[in-house]
Amino acid sequence: MTARLLPFSDDPIRPSSPASVSIQFDGAPIEGVSGQSIAGVILASGPLGFRRTSVSGKSRGVFCGIGVCFDCLVEVNGDRDVRACQRRAVDGDVVVTQHDALPGSIA
Ligand code: FES
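Residues numbered from 1 in each chain as written. Predicted model: local features only at pLDDT ≥ 70, side-chain atom pairs only at ≥ 80, totals over all residues. Heavy atoms only, no water.

Give me the packing of aromatic side chains: which residues, what numbers.
Tallied over the full model, the rule gives one aromatic pair. On the numbers, 6.5 Å between centres and 85° between planes, the contact of Phe 25 with Phe 50 is edge-to-face. Taken as a pair, Phe 25 in strand E1 (residues 20-25) and Phe 50 in strand E3 (residues 49-52) lie far apart in primary sequence, 25 residues in all. For the pair shown, Phe 25 and Phe 50 are each scored as buried. (Phe/Tyr/Trp six-rings, centres within 6.5 Å; stacked < 30°, edge-to-face > 60°. Helix = DSSP H or I, 4+ residues; strand = E, 2+ residues; numbered from the N terminus. Buried < 20%, exposed > 50% of the residue type's maximum accessible area, 1.4 Å probe, protein only.)

Structural data, given as structure tokens:
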């Protein structure tokens, strides 16, 4: 559990423990809870960035959190351009940081 994942006992609506979800992020197994988005699982485990910009390679993560900005694009089970804030995490998902270098760029 990290600082960004609250204890279930503090949830006033559903204080019981939900089912867990296990996904892989850049080769490392991470745990979340059933119903979380992929972004939510990643953020709760620690990393804030899971995409790199095309030009400078700078890290990006959740900006809007509602599917508008496309800052959270990741590759999920081989499918590119998945918005991590909009995709519910499914047990066994393999998530990879996405980076699309511009043609002819060094990154
Ligand atoms: S954080 Fe903006 S689309 Fe996902």
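Pulling in residues and values, what's your account of the pairing of strand E2 (residues 28-33)?
Bridge count between E1 and E2: six bridges; the pairing is antiparallel. Along E2, the bridge assignment pairs Ile 23 with Ile 30. Counting the residues between successive antiparallel strands, the hairpin from E1 to E2 contains two residues, one of them, Asp 26, with a positive phi of roughly 50°. (Pairing = 2+ DSSP bridges.)

Before we move on, could you go through the side chain of Thr 53 and cite the residues and values that matter?
With respect to the secondary-structure elements, Thr 53 resides in the loop between E3 and strand E4 (59-61). A polar contact is formed between the side chain of Thr 53 and the side chain of Ser 56, at a distance of 3.1 Å. Setting aside its immediate chain neighbours within four residues, Thr 53 contacts Lys 58, Arg 60 and His 99. (Polar contact = N/O pair within 3.5 Å; in protein donor to acceptor, adjacent residues only side chain to side chain. Contact = heavy atoms within 4.5 Å.)

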